[in-house]
Amino acid sequence: MRPLTDDETKTMFEKLSKYIGENIKLLVDRPDGTYCFRLHNDRVYYISEKILKLATNISRDKLVSVGTCFGKFTKTIKFRLHITALDFLAPYAKFKVWVKPGQEQSFLYGNHVLKSGLGRITENTNQYQGVVVYSMADVPLGFGVAAKSTQECRRVDPMSIVVFHQADIGEFIRCEDTLT
Amino acid sequence: MAACSIEGLLAKAEQDEAEKLKSITVQKELDLEFDIGNLVAYDKNRIDIRLFREQKKEDFLRSLARDNTQLLVNEIWKHPTERVEEVIVVKLPEPTTALPREKPPPKPRPPTKWEEFAKLKGIQKKKKTNLVWDDVAKEWKRRWGYKRVNDGTKEWLIEVPETADPNEDQFAKRNKAKKEKVAKNELHRLRNIARAQKIKVPGVGLTPTAQQSKTDLARAVNVAKSSTASAGKFQERLPKEKAPRNTGKKRKFQPVIGNFSNEKQRQLDLLKVMDSKKPRLDVNKAVNKQMREDDREESAAKFKKGGKKGRKGGNFSGKGKGGGGKGKGKGRAGGKGQGPPSGKKGAGKPGKR
């Protein structure tokens with residue numbers, strides 16, 4: 001386990017800022033405790049200082065996971081956000097998409113969101129903006145990337161994709177073994 | 001007339017035939033020598049100087065070339081042929097002419113230090129077999145190389161000698177000795193090469209190459225600087241020289257539980273830098289905003305038109321339209337956090353009621 005280097009921190013913050021914008025400051029600097037990011041086996045974990053101190057007592061090969069896994073760095077040092085980060089990103093999300101009840105299940109199975117399933121979308125969403133997907137009952141379902149800006153969403157036909165699927169809470173069951 | 005012409009034709013045909021045959025066969029005093037491997041023909045016939053001067057020189061030379069080429073081609077077609085992709089090809093024999101060297105022959109390598117010593121002492125090279133019988137493993141093993149007979153590093157039991165420190169790791173000692181021997185051998189080999197090619201090797205430091213880039217020079221400077229008794233700790237730096245970073249291969253990370261406030265501060269600074277780098281005018285945002293304004297104006301204009309019509313018809317329709325218009329306006333203005341009400345989605349194109 002080690003802290004992130006400057007380059008790695010930059011890559012990760014860039015990815016996070018796509019979804020939550022400037023609210024990363026609230027993750028870094030929290031009033032209710034010191035939380036930090038640590039890298040272990042190419043995965044980035046968000047842990048409180050207390051848990052970190054306890055975790056240093058476990059040897060590297062025996063340590064599976066600490067705190068919350070935000071994502072991992074791939075072999076080419078790109079940062080990939082995992083669904084386990086949803087709890088921390090959902091409250092700070094800048095651009096949100098609400099999905100109709102009929103299409104919820106389709107999204108939870110890993111499909112993209114079509115225009116026919118789109119309930120609401122935040123105004124002035126750009127194209128390829130990172131969005132957090134909610135159900136109509138305001139339950140966060142996962143992450144996505146807006147395939148079309150809000151303007152275009154209005155004019156496009158019902159069968160086209162409006163949000164690309166990135167991660168959904170169905171992965172907790174589907175990808176149980178690779179999530180840590 | 002006809003008979004005359006027929007005779008004439010026949011005569012002409014005969015003449016043509018003779019010409020053709022003549023064109024294939026060539027008469028020469030001396031036969032040509034051929035080297036078909038190189039597609040060469042040597043013509044040793046004397047040239048008739050008088051003939052050369054009488055005729056036009058161009059024509060003489062051309063006819064000579066034509067004859068010789070004809071003979072060469074005849075000779076080529078005497079060799080066996082084969083068919084390659086619908087083309088008939090002749091298999092050429094080996095060339096017989098010895099061509100001279102393109103580059104000068106290589107100079108003999110100067111003898112190495114050992115070779116000089118052996119010559120001096122009269123030591124002969126003894127030919128050794130590659131394989132040696134190993135009684136322990138009951139098989140033939142190599143004398144040197146992979147899975148060799150006397151591999152000191154692969155011993156599973158090493159007796160600690162009386163004089164040695166009991167806490168010393170004998171296995172590690174052997175491995176280290178092996179590495180040193182290999183390094184020494186490599187050094188001697190490179191020195192021999194340098195001596196052979198008359199390259200000057202400095203006693204210490206990096207060898208200069210022909211074209212040195214900035215990184216090469218920087219590295220040489222760093223190596224020179226750290227080659228002191230204190231590993232470069234007390235060497236002064238030039239006024240504007242920066243400290244070398246990442247000179248070693250090992251990466252250095254911050255400690256796991258370092259100073260948390262420092263870490264937080266660094267991350268916040270990084271965020272600030274990232275924010276400042278973002279452009280102030282987001283083009284997409286501006287375009288979208290403009291599009292929204294246009295849509296709003298368009299719908300407002302339509303509403304006005306619709307409103308006028310509604311007033312003519314009846315009150316309630318106007319009210320409905322007014323309500324719808326107001327709702328739309330609200331949806332537009334407060335569009336930062338929440339999206340427009342879902343009824344809007346169902347409406348489809350803006351302005352349509």
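Residues numbered from 1 in each chain as written. Chains lettered and ligands numbered in written order. Predicted model: local features only at pLDDT ≥ 70, side-chain atom pairs only at ≥ 80, totals over all residues. Heavy atoms only, no water.

You'll find chain B entered in an unreviewed UniProt entry as Ribosome biogenesis regulatory protein, with Salvelinus namaycush given as the organism. If you open the UniProt record of chain B and go to Function (unreviewed entry), you find "Involved in ribosomal large subunit assembly." In its Sequence similarities (unreviewed entry) section, the UniProt record describing chain B reads: "Belongs to the RRS1 family." (UniProt positions renumbered as here; feature names shortened; annotations may be inferred.)

Chain A goes by 60S ribosome subunit biogenesis protein NIP7 homolog in an unreviewed UniProt entry, where it is assigned to Salvelinus namaycush. Under the Subcellular location (unreviewed entry) heading, UniProt states for chain A: "Nucleus, Nucleolus".

*Asks:* Now, about the nonpolar core: what can you tell me, with residues and values included?
*Replies:* A:Met12, A:Phe13, A:Val44, A:Phe70, A:Leu89 and A:Phe143 are the most contacted members of the largest nonpolar core, which has 35 residues in total. Considering each element in turn, this core owes the most residues, five residues, to helix α1 (residues 6-20) of chain A. (Core = buried A, V, L, I, M, F, W, Y, C linked by side-chain atoms within 4.5 Å. Buried < 20%, exposed > 50% of the residue type's maximum accessible area, 1.4 Å probe, protein only. Helix = DSSP H or I, 4+ residues; strand = E, 2+ residues; numbered from the N terminus.)

*Asks:* Any details on unusual backbone geometry? Residues and values, ideally.
*Replies:* Residue and element names in this part refer to chain B. Residue Leu39 is not a glycine yet carries a positive backbone phi of 55 degrees. Mapped onto the fold, Leu39 is located in the loop between β1 (33-35) and β2 (40-42). Accessibility expressed as a relative area gives 45% for Leu39, which makes it partly exposed. The backbone phi angle of Glu85 is positive, close to 55 degrees, even though this residue is not glycine.

*Asks:* Provide a residue-level description of the sheet that holds strand β4 (residues 68-73) of chain A, including the pertinent values.
*Replies:* All names here are of chain A. One open sheet holds the five strands; their spatial order is β1-β2-β3-β4-β5, and the pairing between them is antiparallel. If you trace the sheet from one side to the other, it starts and ends with β1 (2-3) and β5 (79-81), each paired once. In this fold α1 packs onto β1, β2 (35-40), β3 (43-48), β4 and β5, with an angle of close to 35 degrees to the strand it touches most, β5. (Pairing = 2+ DSSP bridges. Contact = heavy atoms within 4.5 Å. Axes fitted to C-alpha atoms, helices over the stretch in contact; angles between N-to-C directions.)

*Asks:* Describe the pairing of strand β6 (residues 96-99) of chain A, with residues and values.
*Replies:* Residues and elements named next belong to chain A. Pairing between β6 and strand β9 (residues 130-135): four bridges, direction parallel. Along β9, the bridge assignment pairs Val97 with Val133. Across three bridges, β6 lies against strand β8 (residues 118-121) in antiparallel orientation. Pairing of Val97 across the sheet is with Ile121, part of β8.

*Asks:* Talk me through the packing of α1(A) against helix α7 (residues 260-277) of chain B; I want residue IDs and the actual numbers.
*Replies:* Orientation of α1(A) relative to α7(B), taken along the N-to-C sense of each, is 60 degrees, at an axis distance of 11 Å. As summarised for this structure, α1(A) and α7(B) are arranged oblique, according to the angle between their axes. The hand of the α1(A)/α7(B) crossing is right-handed. Contacts from A:Asp6, A:Thr9, A:Lys10, A:Phe13, A:Glu14 and A:Ser17 of α1(A) reach α7(B) at B:Arg266, B:Gln267, B:Leu270, B:Leu271 and B:Met274. (Parallel < 35°, antiparallel > 145°, perpendicular 65-115°, else oblique. Left-handed = near helix turned anticlockwise from the far one by under 90°.)

*Asks:* Tell me about the interface of chain B and chain A, and name the residues and values.
*Replies:* Listed per partner, the contact involves 34 residues of chain B and 38 residues of chain A. Taking both partners together, chain B and chain A bury about 3500 Å²; carbon and sulfur atoms supply 61% of that area. Where the side of chain B that touches chain A is concerned, the elements lending two or more residues are α7, α8 (283-313) and α10 (342-347) of chain B. For the side of chain B that touches chain A, the element with the most residues is α7(B), which contributes ten residues. (Buried area = accessible area lost by both parts, 1.4 Å probe.)

*Asks:* Which residues make up helix α3 (residues 57-77) of chain B, and what values go with them?
*Replies:* Across its 21 residues, α3(B) extends 30 Å between first and last C-alpha, which sits within 8% of the 30 Å expected from 1.5 Å per residue. Every buried residue of α3(B) is accounted for by B:Phe60, B:Asn68, B:Gln70, B:Leu71, B:Leu72, B:Glu75 and B:Ile76. (Expected span 1.5 Å × (residues − 1).)

*Asks:* Give a description of the pattern of salt bridges that names residues and reports values.
*Replies:* Enumeration according to the criterion identifies 21 salt bridges over all chains in this entry. A salt bridge links A:Arg2 to A:Glu8, with the shortest nitrogen-to-oxygen separation between them at 3.2 Å. The buried category is assigned to A:Arg2, whose relative accessible area is 16%. By relative accessible area, which is 10% here, A:Glu8 ends up buried. A salt bridge links B:Lys141 to B:Asp134; the nearest nitrogen and oxygen atoms lie 3.6 Å apart. (Salt bridge = Lys/Arg side-chain N within 4 Å of Asp/Glu carboxyl O.)

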